[in-house]
Amino acid sequence: MDAAANTLDDRPAEVAVLWLTCGLSCDGDSIAMTAATQPSLEDLVGGVLPGVPRMRLHHPVLAYEVGDDFLAGYHAASRGELGDFVLVVEGSIPDDTLLTEGFWAACGIDPDTGEPIKMCDWLDRLVPQAWAVVAVGTCASYGGIHAMAGNPTGAMGLTDYLGAEWRSRSGLPVVNMPGCPVQPDNF
């Protein structure tokens, strides 16, 4: 690789981070992120760190937008219109194949069908487009307490859902960041 080609000027001005919290969890990892200090969430979103692109955060707990306006970024990403983005998944993944009707977890309404968009459907739409995929917290990483024997949801971690051989568009496996909640500065 040409060393001159990899300069700070080559970094993107902004990186989109789409955060799914519609898995089975308490959203404790989302709340923990608000306590990060090195760097703070505000520093990342504000783009004040030299050499670090500004983070454009799409997060259901921290967003100003609501309803269709909030989901617009997720729909654009699922259609491949958002460019490179990092998908962060919080919460264990329910096994919808165990159901004959209904769903375990969902976020938003599909404009084409009028039905709730299930967690697994969001994953199936977004994961193939993501530059990187991060499982934040023990639930998303390994299934957490929801994955205990006897739980009717059949919950699992993201790597179990995608398969151990799965790779993102950048060639990375799922990045697991376990913790209950994950330590915010480590994340």
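No experiment lies behind these values; they were computed from the predicted model shown.

Conventions used here
- Residues numbered from 1 in each chain as written.
- Predicted model: local features only at pLDDT ≥ 70, side-chain atom pairs only at ≥ 80, totals over all residues.
- Heavy atoms only, no water.
- 1 Å grid on protein atoms, 1.4 Å probe; cavity = no way out; pocket = protein on both sides within 12 Å on 5 of 7 lines; lining within 4 Å.
- Points joined across faces, edges and corners; volume = space filled by probe spheres on them.
- Helix = DSSP H or I, 4+ residues; strand = E, 2+ residues; numbered from the N terminus.
- Nonpolar A, V, L, I, M, F, W, Y, C, P; charged D, E, K, R; others polar.
- Pairing = 2+ DSSP bridges.
- Axes fitted to C-alpha atoms, helices over the stretch in contact; angles between N-to-C directions.
- Contact = heavy atoms within 4.5 Å.
- Phe/Tyr/Trp six-rings, centres within 6.5 Å; stacked < 30°, edge-to-face > 60°.
- Buried < 20%, exposed > 50% of the residue type's maximum accessible area, 1.4 Å probe, protein only.

Chemist: What is the right way to read the layout of surface pockets from this model?
Modeler: The probe, sized like a water molecule, is rolled over the atoms to show the empty space still left. Space inside the largest pocket adds up to approximately 690 Å³. Considering the residues around the largest pocket, the lining is formed by 28 residues, among which V15, V17, L44, M55 and V86 are closest to the centre. Listed by contribution, the elements that provide at least two residues to the lining of the largest pocket are β1 (14–20), α2 (41–46), β2 (54–58), β3 (85–90) and β7 (175–177). Counting residues per element, the lining of the largest pocket draws most heavily on β1, at 5 residues. Of the residues assigned to the lining of the largest pocket, the class counts are 23 nonpolar, no polar and 5 charged. In terms of lining residues, the second largest pocket is bounded by T34, L41, E42, V45, L57, H59, L62, A63, Y64 and E65. A per-element tally of the lining of the second largest pocket places α2 first, with 3 residues. Taken together, the residues of the lining of the second largest pocket break down into 6 nonpolar, 2 polar and 2 charged.

Chemist: Got a minute to help me understand the sheet that holds β7 in this structure?
Modeler: Note on sheets: strands pair through backbone hydrogen bonds, and any given pair is parallel or antiparallel. If you walk across this open sheet you meet the 5 strands as β2-β1-β3-β6-β7, and the pairing is parallel. Looking at strand neighbours, the two that pair on one side only are β2 and β7, the edges of this open sheet. Looking at each pair of strands side by side, their axes are set apart by 25° on average, direction ignored. Helix-sheet contacts for helix α3 (residues 67–78) involve β1, β2 and β3, and the interaxial angle to β1 is about 105°.

Chemist: Just checking my understanding: could you explain the packing of aromatic side chains for this structure?
Modeler: Two descriptors summarise a pair of aromatic rings, namely the distance from one centre to the other and the angle between the planes of the rings. The full count for this structure, using the stated rule, is 3 aromatic pairs. Ring geometry for W19 against F187: centres 5.7 Å apart, planes inclined by 65°, an arrangement best described as edge-to-face. Of the two residues, W19 is situated in strand β1 and F187 in the segment after β7; the sequence distance between them amounts to 168 residues. A relative accessible area of 32% places F187 in the partly exposed class. Taken together, a centroid distance of 5.8 Å and an interplanar angle of 65° make the contact between Y74 and W122 edge-to-face. Here Y74 is found in helix α3, whereas its partner W122 is found in helix α4 (residues 119–126), with 48 residues between them in sequence. Comparing Y74 with W122, the two get one shared label, buried. Cluster of aromatic residues (ring-pair linked, three or more members): F70, Y74 and W122.

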